[in-house]
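Each chain, written out:
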Amino acid sequence: MLKGLIGKKIGMTQIFDETGAAVPVTLIEAGPCYVTQVRLPEKEGYAAVQLGFAEAKPKRLTSGQLGHLKKNELPPLRFLREFRVKPEDAKAGDKVTVEAFGVGEHVDVIGTSKGKGFAGVVKRYHFRGGPKSHGASDRLRAPGSSSSTTTPGRVYKGSRRAGHMGHDRVTAQGLKVVLVDAERNLLGVRGAVPGPKGGLVMIHEARKQ
């Protein structure tokens, strides 16, 4: 069975295990997803399965997207994502639900982290900042020296400086599945998942380290 799903992050809550301990849980509305295409090494050069998620109004999709889905008699789906899995695990038109995973399994969840806008080095890279005494009123959150004026006489590429923070692709690895609700298409994983509430996430079987 294909061990992959596209979902929407609902938010965090807590449940209590058999010992009475509170477990932090992220709830994800995962699926139902449809296999929209199977990519083969001999044709596309690599093996993957494309999944579609979240039905939308046909007018919100392009003609190309509608034609791609109509080929396999699928509804108009808003999000399409690829999973690098064996193509024999699925065939076009298959439906994938949360029942693909079981309680106790471990999964990797990929999402887009929250955007923080333009941030300074203290917030972005946890710099300590400058001295807070001896008249240094404007150095508290400054980055400090960039380089020497003689050698190399320039700023090295890749230096940690102020800039855009967040809104990056982030993978939370090895999260334990603690809840599977097939009736409501809910998947609960222990711990935090990247992104805001309502953010799109991809869930797949945890890769062995």
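Use the structure listed above.
Now for a quick tour of the structure. (Residues numbered from 1 in each chain as written. Predicted model: local features only at pLDDT ≥ 70, side-chain atom pairs only at ≥ 80, totals over all residues. Heavy atoms only, no water.)

This paragraph deals with the side chain of H68. Tracing the backbone through its elements, the reader meets H68 in helix α2 (residues 63–70). On the basis of relative accessibility, which here comes to 18%, the residue H68 falls in the buried class. Setting aside its immediate chain neighbours within four residues, H68 contacts T36, Q37, Q50 and L80. (Helix = DSSP H or I, 4+ residues; strand = E, 2+ residues; numbered from the N terminus. Buried < 20%, exposed > 50% of the residue type's maximum accessible area, 1.4 Å probe, protein only. Contact = heavy atoms within 4.5 Å.)

This part covers the sheet that holds strand β11 (residues 186–190). Strands belonging to one sheet form pairs held by backbone hydrogen bonds; the direction of such a pair is parallel or antiparallel. Taking strand neighbours around the barrel as the criterion, the six strands line up as β1-β2-β11-β10-β7-β12 in a closed arrangement whose pairing is antiparallel. On average, adjacent strands in this sheet sit at an angle of 50° to one another, irrespective of strand direction. As judged from the four bridges shared by strand β10 (residues 169–181) and β11, these two strands associate in the antiparallel manner. Within the sheet, the bridge partner assigned to V180 lies in β11 and is L187. (Pairing = 2+ DSSP bridges. Axes fitted to C-alpha atoms, helices over the stretch in contact; angles between N-to-C directions.)

What follows covers the nonpolar core. In terms of nonpolar packing, the biggest core is built from 28 residues, with L5, I28, L51, V107, V109 and I203 touching the most fellow members. Apart from the residues within four sequence positions on either side, L5 is in contact with A30, G31, C33, L51, F83, V96, T97, V98, F101, V201, M202 and I203. Core analysis: the second largest hydrophobic core is formed by six residues, Y34, L61, L74 and L77 among them. (Core = buried A, V, L, I, M, F, W, Y, C linked by side-chain atoms within 4.5 Å.)

Our focus in this paragraph is a positive patch on the surface. Together, K114, K116, K123, R141 and K197 line one region of the surface with positive charge. Within the secondary structure, K197 is located in the loop between β11 and β12 (200–205). On the basis of relative accessible area, K197 is assigned to the exposed category, the value being 69%. (Patch = residues over 30% accessible without salt bridge, like charges linked within 9 Å, V, L, I, M, F, W, Y side chains within 5 Å. Areas by Shrake-Rupley, 256 points an atom, 1.4 Å probe, with all protein chains shown as cover. Salt bridge = Lys/Arg side-chain N within 4 Å of Asp/Glu carboxyl O. Lys, Arg positive; Asp, Glu negative; His and termini not counted. Charge placed at Lys NZ, Arg CZ, Asp CG, Glu CD.)

An order of β5-β4-β3-β6 is seen for the four strands of this open sheet, with the pairing classed as antiparallel. Two strands bound the open sheet, and with one partner strand each, they are β5 (77–83) and β6 (95–96). Relative to β5, strand β4 (residues 48–55) runs antiparallel, the two sharing six bridges. For G52, the partnering residue across the bridge sits in β5 and is L80.

Applying the stated criterion to the full structure yields two aromatic pairs. Ring centres of F53 and F79 lie 6.5 Å apart, and the angle between their planes is 25°; this geometry places the pair in the stacked category. Note that F53 is positioned in strand β4 and F79 in strand β5, a separation of 26 residues in sequence. Between Y125 and F127, the aromatic rings sit 6.4 Å apart at their centres with planes inclined by 40°, giving tilted as the arrangement. (Phe/Tyr/Trp six-rings, centres within 6.5 Å; stacked < 30°, edge-to-face > 60°.)

Turning to unusual backbone geometry, a few remarks are in order. Residue G31 is joined to P32 through a cis peptide bond whose omega torsion reads -5°. In this model, H167 sits at a positive phi of 55°, which is unusual for a non-glycine residue. Checked against the element boundaries, H167 lands in the loop between β9 (163–166) and β10. Note on H167: relative accessible area 53%, which makes it exposed.

Topologically, F101 is positioned in the loop between β6 and β7 (106–112). C-alpha of F101 to C-alpha of V180: the two residues are 79 residues apart in sequence and 7.6 Å apart in space. Sequence-distant contacts of F101, that is, excluding residues within four places in its chain, are made with K3, G4, L5, V107, V180, L187, I203, H204 and E205.

All right, on to the pattern of salt bridges then. With the rule as written, the count across this model stands at six salt bridges. Across the pair E29 and K8 runs a salt bridge, and its minimum N-O distance is 3.9 Å. With E29 in strand β2 (residues 22–30) and K8 in strand β1 (residues 4–16), the pair connects residues that are 21 residues apart, well separated along the chain. Note that D138 and R139 form a salt bridge whose closest N and O atoms lie 3.6 Å from each other. Take R139: its relative accessible area is 41%, and that puts it in the partly exposed class.

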